[in-house]
Amino acid sequence: MRVSRAETTLNYVILLGFALFALTPVLTILLTSVSAPLGEPDGLYLSNFVEAWTVGGFGRSLGNSVVVAAIVVGLSLVLSVLAGYAFGTMRFRGSTALFYLFLLGLMIPAEATIIPLFFDLRTLGLTDTYIAIAMPQVAQSIAFGTFWLRAQFRAMPTSFVEAAALDGAGPLQALVKILVPASRPAIVTMLVLVFMWTWNEFLIALIMA
């Protein structure tokens, strides 16, 4: 089916309108960030960025966010792949009940547990540390990652694992060499979501630090 030039032009106009609507707040923030401080003559003040970086401690805050995101994403990836593989391909006693226990991490909001968790970590002397900020988010991310990758591994043909076993590969080798490469899109999607959630998390960092 051929699309007329008028329809193509209209599509671009609509997309451009939505793009401008989405970018307007960003452009407004950028213009405001270089505007003149109170009592100063009008003009562009690029030094505002330098002052925000030094006086506001933006560099240190950015570094802390990177460290926490790396911890959460890294641990969540490894533990979610292992848990999802176990629940998705293995049958063992209590697996259903244990899986639903994992899902509690998705059902219970952080706001319901953050205060008791703060007192527990303060008793252990862990507040104001990367562990206090990262570990609660790791727990939440593992709950989602296990649910996500369990569905992925269960949807894959069992013949993959069976063929690997016939070739002499153990369960871990079958996971690393066969299932993980075949599940790359699902794993990358999980990583992107976990990174976004971790980067945007404010409540846990505010309370624990």
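Scroll up to find the structure.
Rules and cut-offs
Residues numbered from 1 in each chain as written. Predicted model: local features only at pLDDT ≥ 70, side-chain atom pairs only at ≥ 80, totals over all residues. Heavy atoms only, no water. Helix = DSSP H or I, 4+ residues; strand = E, 2+ residues; numbered from the N terminus. Rg over C-alpha atoms; globule rule 2.2 N^0.38 Å. Contact = heavy atoms within 4.5 Å. Areas by Shrake-Rupley, 256 points an atom, 1.4 Å probe, with all protein chains shown as cover. Buried < 20%, exposed > 50% of the residue type's maximum accessible area, 1.4 Å probe, protein only. Phe/Tyr/Trp six-rings, centres within 6.5 Å; stacked < 30°, edge-to-face > 60°. Lys NZ or Arg CZ within 6 Å of the ring centre and 35° of its normal. 1 Å grid on protein atoms, 1.4 Å probe; cavity = no way out; pocket = protein on both sides within 12 Å on 5 of 7 lines; lining within 4 Å. Points joined across faces, edges and corners; volume = space filled by probe spheres on them. Nonpolar A, V, L, I, M, F, W, Y, C, P; charged D, E, K, R; others polar. Core = buried A, V, L, I, M, F, W, Y, C linked by side-chain atoms within 4.5 Å. Axes fitted to C-alpha atoms, helices over the stretch in contact; angles between N-to-C directions. Parallel < 35°, antiparallel > 145°, perpendicular 65-115°, else oblique.

## Some points on the overall build of the protein chain
Helix and strand counts for the protein chain stand at 10 helices and 0 strands. Here the C-alpha atoms of the protein chain give a radius of gyration of 24 Å, more than 25% beyond the 17 Å that 2.2 N^0.38 yields for 209 residues. Intrachain contacts of the protein chain at a sequence separation of at least 6 include 75% that bridge at least 24 residues. Split by element, the accessible area of the protein chain, about 14,100 Å² in all, is 71% carbon and sulfur.

## Remarks on the side chain of glutamine 137
Secondary-structure assignment places glutamine 137 in helix α6 (residues 130-155). Here glutamine 137 falls in the buried class, since its relative accessible area comes to 5%.

## So, unusual backbone geometry
Despite not being glycine, aspartate 128 shows a phi value in the positive range, around 65 degrees. Secondary-structure assignment places aspartate 128 in the loop between α5 (110-123) and α6. A residue is classified by how much of its surface remains accessible, and aspartate 128, at 57% relative accessible area, is exposed.

## Remarks on the packing of aromatic side chains
In this description, a pair of aromatic rings is defined by centroid distance and the angle of the planes. Under the defined criterion, the tally for this structure stands at 10 aromatic pairs. The interplanar angle of 40 degrees and the centroid separation of 6.1 Å between the aromatic rings of phenylalanine 87 and phenylalanine 92 together place this pair among those described as tilted. Note on phenylalanine 87: relative accessible area 8%, which makes it buried. Looking at phenylalanine 92, the relative accessible area reads 34%, which means it is partly exposed. Their ring planes at 70 degrees and their centres at 5.6 Å tell us that phenylalanine 118 and phenylalanine 119 sit as a pair that is edge-to-face. Residue class for phenylalanine 119 comes out partly exposed when judged on its relative accessible area of 40%. By the ring-pair criterion, three or more aromatic residues cluster together here, those being Phe87, Phe92, Phe99, Tyr100 and Phe102. If you follow arginine 150 out to its NZ or CZ, it ends over the ring of phenylalanine 99, 4.0 Å from the centre.

## Thoughts on the layout of surface pockets
When its volume is computed, the largest pocket comes out at roughly 350 Å³. Taken together, 13 residues make up the lining of the largest pocket; nearest its centre are Ser61, Asn64, Ser65, Val68 and Ala205. Among the elements of the structure, α3 (58-89), α6 and α9 (184-200) are those that each provide at least two residues to the lining of the largest pocket. Broken down by element, the lining of the largest pocket gets its largest block of residues, 5 residues, from α3. Looking at side-chain class alone, the lining of the largest pocket contains 6 nonpolar, 6 polar and 1 charged residues. Estimated volume of the second largest pocket: approximately 290 Å³. For the lining of the second largest pocket, the elements supplying multiple residues, two or more each, are α4 (95-107), α5 and α6. With 5 residues, the top contributor of residues to the lining of the second largest pocket is α6.

## Details of the nonpolar core
Grouped together as the largest cluster of nonpolar side chains are 27 residues, with contacts concentrated most on Leu149, Phe153 and Met208. Here this core takes 8 residues from α6, the largest share from any one element. In this view, leucine 149 contacts Ser80, Val81, Gly84, Ala186, Ile187 and Met190; residues no more than four positions away in its chain are not counted.

## Quick notes on the packing of α3 against helix α8 (residues 171-182)
Axis separation between α3 and α8 bottoms out at 12 Å; the angle between their running directions is 100 degrees. When the axis of α3 is compared with that of α8, the two are roughly perpendicular. Between α3, through Val81, Leu82, Tyr85 and Thr89, and α8, the contact on the second element is made entirely by Pro171, Ala174, Leu175, Leu179 and Val180. Looking at the contact of α3 with α8, its residues break down into 8 nonpolar, 1 polar and no charged.

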